[in-house]
Amino acid sequence: MEIDYIEDFLEVVASKSYNKAAIKQNISTPGIKKRITQIEAYFGYKLFNATHQGVHLTSDGIKLYERLKSIKQQIDDLKNTEKSLLKVGIISNFPLDRLSEMNKQTERIRLIPANSTTSLLNQLQQDELDLVIGEQTELQEGICYEYWFDEPFELVFSKNHSLNQAETISLNDLNQQHFYLLEPPGDTFDFKKNQIDPKQLDLSYVKDRESIMNFIATSDSVAICPQSYIKKVNSDIYTHIKLPNASRTIGIYAKKQQHINQFFNILQNFN
């Protein structure tokens, strides 16, 4: 049975009229009736009862309608998956290597960076983006979310820092340091999630990570950075070690679950 026949059947159900359905499907009324008859012959039961108020599904027709409607939706989703371009908002401190390569080699995604998950979610709500890759945050109404992975945080400091002599880092060591962090609304360290009291720490906030790295290169201060950012850190100048029991959760946001599925499908098939 051809897809056109399924579309004709669904339109007759929606219109409750062979004539109206024929007009919408750009086919003659006898032609659409013939197709319905062929569907009935294929499945072996009657689909519609005709009344003065229009045509209505039989009990068997209702069951078939639900199944064919689902099949048609799956077909439409597959078509959209193959053809559409995903506009993907992504936090600028995310590990971009693989996605950047995908962006270059496939015409199915376009990366749009921003400094914070919050600003990207605002763009998603305004339909400027199809998908957002960012830190886990409070879900907004009408937004789908799927967990992706947890990423550790690391301490970064200069080669001349006294911490270079320490074999391990304790909470007491942290309380004695001066920290540079990204200022809100840029994605920065979540103290509450990682069970560290910011009131016990000496903190300064800066607009961008590049400035933070410049500051700690010539001081006794330290920075907290997501592990993915460490690839940008010059190992001749800085030392980095994992911050104990500290991580951030990276997730995928979209208005349509279909877009999340599409993204993971592209990711899985990318070589």
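**Student:** Explain the overall build of the chain to me, please; I cannot follow it from the model alone.
**Tutor:** In terms of helices and strands, the chain carries 9 helices and 10 strands. Here the chain, with 271 residues, has 43% of them falling under the buried criterion. Element-wise, carbon and sulfur atoms account for 46% of the exposed surface of the chain, whose accessible area totals about 15500 Å². Positive and negative side-chain charges in the chain, numbering 30 and 35 respectively, have mean positions lying 10 Å apart.

**Student:** Can you help me understand helix 9 (residues 257–269) in this one?
**Tutor:** One turn of an α-helix holds 3.6 residues; hence residues three or four places apart share an orientation. The end-to-end C-alpha distance of helix 9 is 19 Å, a good match for the 18 Å that 13 residues give at a rise of 1.5 Å each. Where helix 9 is concerned, the buried positions are Gln258, His259, Ile260, Gln262, Phe263, Ile266 and Leu267.

**Student:** In this structure, what is going on with the packing of helix 1 (residues 3–15) against helix 3 (residues 29–43)? I would like to understand it.
**Tutor:** Packed helix pairs are specified by the crossing angle of their axes together with the interaxial distance, meaning the distance between the axes. Where helix 1 meets helix 3, the axes come as close as 10 Å, and the angle between the chain directions of the two elements is 105°. If you check the angle between helix 1 and helix 3, you find them roughly perpendicular. Across from Asp4, Tyr5, Asp8, Phe9 and Val12 in helix 1, the residues of helix 3 making contact are Ile32, Arg35, Ile36, Gln38 and Ile39. Looking at the contact of helix 1 with helix 3 residue by residue, the class counts come to 6 nonpolar, 1 polar and 3 charged.

**Student:** Mind showing me how you'd approach the packing of aromatic side chains here?
**Tutor:** Note on aromatic pairs: each is described by the distance of the centres and the angle between the planes. Following the criterion strictly, the structure yields 12 aromatic pairs and no others. When the centroid spacing of 5.4 Å and the interplanar angle of 75° are considered together, the rings of tryptophan 148 and phenylalanine 149 count as edge-to-face. By relative accessible area, which is 23% here, phenylalanine 149 ends up partly exposed. Grouping aromatic residues by their ring pairs yields a cluster made of Trp148, Phe149, Phe263 and Phe264. The aromatic ring of tyrosine 229 is capped on one face by arginine 209, whose charged end is 5.5 Å from the ring centroid.

**Student:** Just checking my understanding: could you explain unusual backbone geometry for this structure?
**Tutor:** For residues other than glycine, phi is negative in most cases, and the peptide bonds are mostly trans. Of note, the phi angle at aspartate 127 is positive, near 65°, even though the residue is not glycine. The phi angle at glutamine 195 is positive, at roughly 55°, despite the residue not being glycine. Topologically, glutamine 195 is positioned in the loop between strand 7 (178–182) and strand 8 (202–206). Take glutamine 195: its relative accessible area is 74%, and that puts it in the exposed class.

**Student:** Just to check I follow, could you spell out the layout of surface pockets for this structure?
**Tutor:** Sizing a probe to match a water molecule and rolling it over the atoms shows the empty space that remains. Estimates place the volume of the second largest pocket at around 280 Å³. In terms of lining, the second largest pocket is formed by 17 residues, of which the most central are Ser92, Asn115, Leu182, Lys207 and Asp208. Broken down by class, the residue content of the lining of the second largest pocket amounts to 6 nonpolar, 5 polar and 6 charged.

**Student:** Explain the environment of leucine 267 to me, please; I cannot follow it from the model alone.
**Tutor:** Position of leucine 267 relative to the elements: it lies in helix 9. By relative accessible area, leucine 267 is classed as buried at 9%. Sequence separation between leucine 267 and glutamine 227 is 40 residues; the distance between their C-alpha atoms is 21 Å.

Rules used throughout
Residues numbered from 1 in each chain as written. Predicted model: local features only at pLDDT ≥ 70, side-chain atom pairs only at ≥ 80, totals over all residues. Heavy atoms only, no water. Helix = DSSP H or I, 4+ residues; strand = E, 2+ residues; numbered from the N terminus. Buried < 20%, exposed > 50% of the residue type's maximum accessible area, 1.4 Å probe, protein only. Areas by Shrake-Rupley, 256 points an atom, 1.4 Å probe, with all protein chains shown as cover. Lys, Arg positive; Asp, Glu negative; His and termini not counted. Charge placed at Lys NZ, Arg CZ, Asp CG, Glu CD. Expected span 1.5 Å × (residues − 1). Axes fitted to C-alpha atoms, helices over the stretch in contact; angles between N-to-C directions. Parallel < 35°, antiparallel > 145°, perpendicular 65-115°, else oblique. Contact = heavy atoms within 4.5 Å. Nonpolar A, V, L, I, M, F, W, Y, C, P; charged D, E, K, R; others polar. Phe/Tyr/Trp six-rings, centres within 6.5 Å; stacked < 30°, edge-to-face > 60°. Lys NZ or Arg CZ within 6 Å of the ring centre and 35° of its normal. 1 Å grid on protein atoms, 1.4 Å probe; cavity = no way out; pocket = protein on both sides within 12 Å on 5 of 7 lines; lining within 4 Å. Points joined across faces, edges and corners; volume = space filled by probe spheres on them.

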